[in-house]
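# Summary of the model geometry
Residues per chain, in single letters:
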Amino acid sequence: MRRNQGCSPVEHVLARRQFLAGSASAAVGACLSKPVQAHPLMQADSLKRSGKRILQIFLQGGVSQLESWDPKPGTKFGGPFRAIPTSVPGMHISELLPHTASRMHHLSIVRSINSKINDHRKGMLYMEKGRPTGDFPYLGSVASKYLAGPDAALPGYIHITTRGINDSTAAFLGAQHAQLKLEGVQPPSNLDLPQDLDEELDAQRESLRRQFDEPFAQHRSNAELDTYDAAFQQAALLMARKKIFEGSASEKDLSRYGTHDFARYCLLARTLLENGATCVKVTHHGYDSHAENFNFHLEQLGEFDKPFAMLMDDLSDRGMLENTLVLVCSEFGRTPKINTKYGRDHWGTAWSTVLGGCGVQSGAIIGSTNNEGTEVADREVDSGHLFHTYLRAVGLDSYAEHDLPGRSIPIGDPAAEEIGELLS
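Heads up: these notes are all about the structure in this document. As the structure is a computational prediction, the values presented were derived from the model and not from experiment.

### Re empty space enclosed by the protein
One pass over the structure, following the stated rule, counts one cavity of 30 Å³ or more. Taken as a whole, the largest cavity encloses approximately 30 Å³ of empty space. Taken together, Gln56, Phe58, Met127, Glu128, Leu327, Cys329 and Tyr390 make up the lining of the largest cavity. Mapped onto the lining of the largest cavity, the elements with two or more residues apiece are strand 1 (53-59), helix 4 (120-129) and strand 8 (324-329). For the lining of the largest cavity, the class distribution of residues is five nonpolar, one polar and one charged.

So this is what it looks like as structure tokens:
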């Protein structure tokens, strides 16, 4: 079986048209702006001392809501899999997620997302930025900016993945808040000093670099200097904590999580969070199932289920879940209608996501779809609502403006708002 077969140009024609329609709606909605509340700097000090963090599991390609969080067994488009009970009375999810089902008391489901976007990249950007268009920072970069303290032990936004475009995730927040991309569990290159350079010589080298920087700094703003210095800062943080990457996972952990790549990524994510990372994103590739949807989800969610459940156990047992917002998201869902290749296509009209931990009510189900899963039936939300919800959950005022001298840019989309009933 070949994973992640990608999409044909024909399949994307509809997506582009639907995106344009969605953008027009968003532009109209943007006129209904909310009053700006407290400036984020007013909460920044306490936020950065709070130890709040974000774990983002991104199921790339568009996980099927019908094979995961919103099963419809026995209906026209329901597919072959059963719905099973979870640890939350009355809540059922797909039988492809038996381990996660027994941890749903830590999580809540949003079943009523209508993002109106069926394009992979635009859907991903909407989920990351909370806005359908525009040059805005990713969620992880916002977390790095406002949750990571100046003495943070690791770069503020770390992304574990083996594929993907090297996006400009920080936008106007500066390079120091951009994602640090790790190629799976491989340690970053060049963590050790060159053999002919000891720590004393390295300190002298750093001092010389700073001396050279001084005349350069005299004619530039602090923001520009921060950007130029970001690479050195991130490298220094990683070199100081290189032991994180030197140890391999224990046999005990591997027996619990599994030995495949995604299991090892989850173990690395746990280690990073334990060692002071503010936002860790793990991408699990391969959900773009235009053909053989059911076989693909059987395989993909089989990989996802147990490691994710073990990670939830560890965060809970170690007392970290209270301060860690956990997100399981995708760029869109998949069509209820099953195509001639036994696949499901892109579907931004009615899909689901899951979140839990810090600041979020556990065991809730927000919204619903109709009996066949073709439309949102209740409490329609979009990626802008989710973005506000994520930030409010970790204590950041998403209606405030970014900390940018001379510029006025709201952190969250003024046309959207948080899902208030989901917040604890």
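### Focus on the layout of surface pockets
The computed volume of the second largest pocket comes to approximately 550 Å³. Lining the second largest pocket we find 20 residues, and of these Leu193, Asp202, Arg205, Ala236 and Met239 sit closest to its centre. Looking at the lining of the second largest pocket, the elements with two or more residues in it are helix 6 (199-217) and helix 7 (222-240). By residue number, the principal contributor to the lining of the second largest pocket is helix 7, which donates eight residues. Partitioned by chemical class, the residues of the lining of the second largest pocket number 10 nonpolar, one polar and nine charged.

### Comments concerning unusual backbone geometry
Positioned with a positive phi, Glu292 is a non-glycine residue whose angle comes to about 50 degrees. Inspection of the secondary structure puts Glu292 in the loop between strand 7 (279-284) and helix 11 (293-317). At Tyr342, a residue that is not glycine, the phi angle is positive and equals roughly 60 degrees. Within the fold, Tyr342 resides in the loop between strand 9 (333-334) and strand 10 (346-347). For Tyr342, a relative accessible area of 54% translates into the label exposed.

Cut-offs and rules
Numbers given to residues run from 1 along each chain, matching the order in which its sequence is written. Given that the model is predicted, a residue must reach a pLDDT of at least 70 before its local features are reported, and side-chain atom pairs must reach 80 or more before they are shown or counted; all residues, however, enter totals for whole chains, interfaces and linings. Side-chain numbers here rest on the full set of heavy atoms in the structure, without hydrogens or water. The pocket and cavity definitions rest on a 1 Å grid over protein atoms only: a 1.4 Å probe that fits but cannot leave marks a cavity, an open set with protein on both sides within 12 Å along at least five of seven lines marks a pocket, and residues lining either have an atom within 4 Å of a point. Grid points are joined across faces, edges and corners, and a volume is the space filled by probe spheres set on the points. Secondary structure follows DSSP: runs of H or I at least 4 residues long count as helices, runs of E at least 2 residues long count as strands, and numbering of each begins at the N terminus. Under the grouping applied here, Gly and all other residues not named as nonpolar or charged are polar, the nonpolar ones being Ala, Val, Leu, Ile, Met, Phe, Trp, Tyr, Cys and Pro and the charged ones Asp, Glu, Lys and Arg. Residue exposure (1.4 Å probe, protein chains only): buried if accessible area is under 20% of the type maximum, exposed if over 50%, otherwise partly exposed.

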